[in-house]
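Residue-level structure breakdown
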Amino acid sequence: MKRVISILVLAAILGLSMAAVAAPKMQLMVYTSMKEVLISELIEAFNKKNPNVMIEYYSAGAGKLMAKIATEKQANALVCDVLWTSEVPDFYQMKQQGALEPYISPEAKNIVSPVKDKEGYFTPARLGTLGVAYNTNKIKTPPATWEDLLKPEFKGGFAIANPALSGTSMVSVGMIVENLGWGYIEKLRANGALMGQGSGQVVDDTAIGDLTACIGVDYIVINKIKEGAQLGFAYTDKMLVIPSPIAILKGTKNLVAAKKFIDFMLSFKGQKIIADTYTLPIRADVAIVTGVGLVTPAEAEKRAMKLDYLKLMSEKEALIEKFTNIMTK
């Protein structure tokens, strides 16, 4: 009798093991504009917690990603399940077009962000911030207000990246105009302010001394400082805070896996990985890197410039054209 029971137990164990081996893994494709070192680390950590999900990613600029998604939808062959970029206007547009799947994660209650979608069509997964990157050989007292950038020490040497080349710069210009007015842009230009190239290039130009200062993305500037660049990083009183939303695309066949990934991204573990890359998490309980000029998510939310993203979407081309005309006249 005991032998029969043992055989039955062994058969049951073998059956469960074979079932586990035979069980197909869930699939997930993530499209993102985040740097590969970050997304690969996040995916590695996610896989440790969710070994039953086979996850892949495609990294490219936000514009290229949107074009790729449009092509896939046109061919009725959507590959992307989850999209994560810093182009907030794209997410508002996709929501209007009915291209996103609403999902409010249990982790969403912990979010600290100036931009939120109450219906859950997209969710901030990172708080990107921009401050003033300045050459420490030329500037000894970092600017504390936007008015400080109009002082003589910045004359002819302050730059903002071209908003036609950088989506982050386009949103930044939109924020400045909405909160400080076109008159402020005119004052900057009167003080010799310049329109640079991309967001990374203006920081490089500041580091080598071709520029005195520029508007710089947090992690780009801080990484340069860590590498030994003669740069400082400071926030003005009113901050440029641009969340990086994450969303599930409508029509995905991998909804369960997509929700699991969103949950992980908003979790303490996921946000800790993000915070360690010299940018801000969206959770107050995740510590930021100290000693590099960053502020807490709560402080960033409090000081963030307001922006009507829906209005910006409709006025984007006009904004870029007017800014370019002012800065090149």
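Structure's up top.
So, a few notes on the structure that sits alongside this text. Just so you know, these numbers come straight off a predicted model, no measurement behind them.

**Some points on the overall build of the chain**
If you tally the helices and strands in the chain, you get 12 helices and 10 strands. Along the three orthogonal principal directions, the C-alpha set of the chain runs to about 95 × 45 × 30 Å. Residue burial in the chain is summarised as follows: out of 329 residues, 50% are buried. Excluding contacts between residues fewer than 6 apart, the proportion of contacts in the chain whose partners are at least 24 apart in sequence is 76%. As displayed, the chain offers around 15400 Å² of accessible surface, 55% of which is attributable to carbon and sulfur atoms. Averaging the locations of the 37 positively and 32 negatively charged side chains of the chain gives two centres separated by 5 Å.

**Structural notes on the pattern of salt bridges**
All told, the structure shown has 11 salt bridges when counted by the stated rule. Glu107 serves as the salt-bridge partner of Arg283, at 2.8 Å between the closest nitrogen and oxygen. Taken together, the residues Arg283 in the loop between helix H10 (268-275) and helix H11 (297-303) and Glu107 in the loop between strand E4 (100-101) and strand E5 (123-135) connect sequence positions 176 residues apart. Looking at Arg283, the relative accessible area reads 6%, which means it is buried. Among the residues examined, Glu107 registers a relative accessible area of 24% and is labelled partly exposed. Here the salt bridges do not stand alone but share partners, grouping Lys95, Asp117 and Glu119 into one network.

**Looking at the layout of surface pockets**
Computed from the structure, the largest pocket encloses a volume of approximately 740 Å³. Lining the largest pocket are 37 residues, with Ala62, Glu87, Ser166, Gly167 and Thr168 sitting closest to its centre. Elements represented by at least two residues in the lining of the largest pocket include exactly helix H3 (62-74), helix H4 (88-96), E5, helix H5 (167-180), helix H7 (199-207), helix H8 (218-226), strand E10 (240-249) and helix H12 (309-328). Of the residues contributing to the lining of the largest pocket, the split by class is 16 nonpolar, 16 polar and 5 charged.

**Some remarks on H7**
A turn of α-helix holds 3.6 residues, and therefore any two residues three or four places apart point the same way. All of the buried residues along H7 are Ser199, Val202, Val203, Asp205 and Thr206. One side of H7 carries all its buried residues, which in axial view fall inside an arc of 160°. Looking at the buried side of H7, the elements it contacts are E5, strand E6 (158-160), H5, strand E8 (213-217), H8 and strand E9 (231-234). In the stretch just after H7, Gly209 is the one whose phi turns positive, near 95°.

**So, the environment of Leu255**
Looking at the secondary structure, you find Leu255 in helix H9 (residues 255-266). In sequence terms Leu255 and Tyr103 are 152 residues apart; their C-alpha atoms lie 9.8 Å from each other. If we ignore the near neighbours within four places in the chain, the residues touching Leu255 are Glu101 and Ile248.

**Here we look at the packing of H9 against H10**
With their axes 4 Å apart at the nearest point, H9 and H10 run at an angle of 60° to one another. Judged on the interaxial angle alone, H10 and H9 are oblique. Residue-level inspection shows Phe264, Met265 and Leu266 of H9 in contact with H10, the latter providing Phe268, Lys269, Gly270, Gln271, Ile273 and Ile274. Per-class residue counts for the contact of H9 with H10 are 6 nonpolar, 2 polar and 1 charged.

**Some details on the packing of aromatic side chains**
Counted by the stated rule, this structure contains 8 aromatic pairs. Where Phe46 meets Phe264, the ring centres are 5.8 Å apart and the plane angle is 65°; that geometry is what we call edge-to-face. With Phe46 in helix H2 (residues 36-49) and Phe264 in helix H9, this pair connects stretches of sequence that are 218 residues apart. Each member of the pair, Phe46 together with Phe264, is buried. Both rings, one in Phe91 and one in Phe122, keep their centres 6.0 Å apart while their planes meet at 55°; by these two values the pair is tilted. Here the residue Phe91 occupies a position in helix H4, and Phe122 occupies one in the loop between E4 and E5, the gap between them amounting to 31 residues. Relative accessible area serves as the criterion here: at 0%, Phe91 is assigned to the buried category. Assessed through its relative accessible area of 1%, Phe122 is described here as buried. An aromatic cluster of at least three residues, connected via ring pairs, comprises Phe91, Tyr92, Phe122 and Tyr309. A cation over an aromatic ring shows up here: Lys68 above the ring of Tyr58, its NZ or CZ 5.2 Å from the ring centre.

Scoring rules and cut-offs
- Residues numbered from 1 in each chain as written.
- Predicted model: local features only at pLDDT ≥ 70, side-chain atom pairs only at ≥ 80, totals over all residues.
- Heavy atoms only, no water.
- Helix = DSSP H or I, 4+ residues; strand = E, 2+ residues; numbered from the N terminus.
- Buried < 20%, exposed > 50% of the residue type's maximum accessible area, 1.4 Å probe, protein only.
- Contact = heavy atoms within 4.5 Å.
- Areas by Shrake-Rupley, 256 points an atom, 1.4 Å probe, with all protein chains shown as cover.
- Lys, Arg positive; Asp, Glu negative; His and termini not counted.
- Charge placed at Lys NZ, Arg CZ, Asp CG, Glu CD.
- Salt bridge = Lys/Arg side-chain N within 4 Å of Asp/Glu carboxyl O.
- 1 Å grid on protein atoms, 1.4 Å probe; cavity = no way out; pocket = protein on both sides within 12 Å on 5 of 7 lines; lining within 4 Å.
- Points joined across faces, edges and corners; volume = space filled by probe spheres on them.
- Nonpolar A, V, L, I, M, F, W, Y, C, P; charged D, E, K, R; others polar.
- Arc of directions from axis to C-beta.
- Axes fitted to C-alpha atoms, helices over the stretch in contact; angles between N-to-C directions.
- Parallel < 35°, antiparallel > 145°, perpendicular 65-115°, else oblique.
- Phe/Tyr/Trp six-rings, centres within 6.5 Å; stacked < 30°, edge-to-face > 60°.
- Lys NZ or Arg CZ within 6 Å of the ring centre and 35° of its normal.

In short, shape yes, function no, at least from these values alone.
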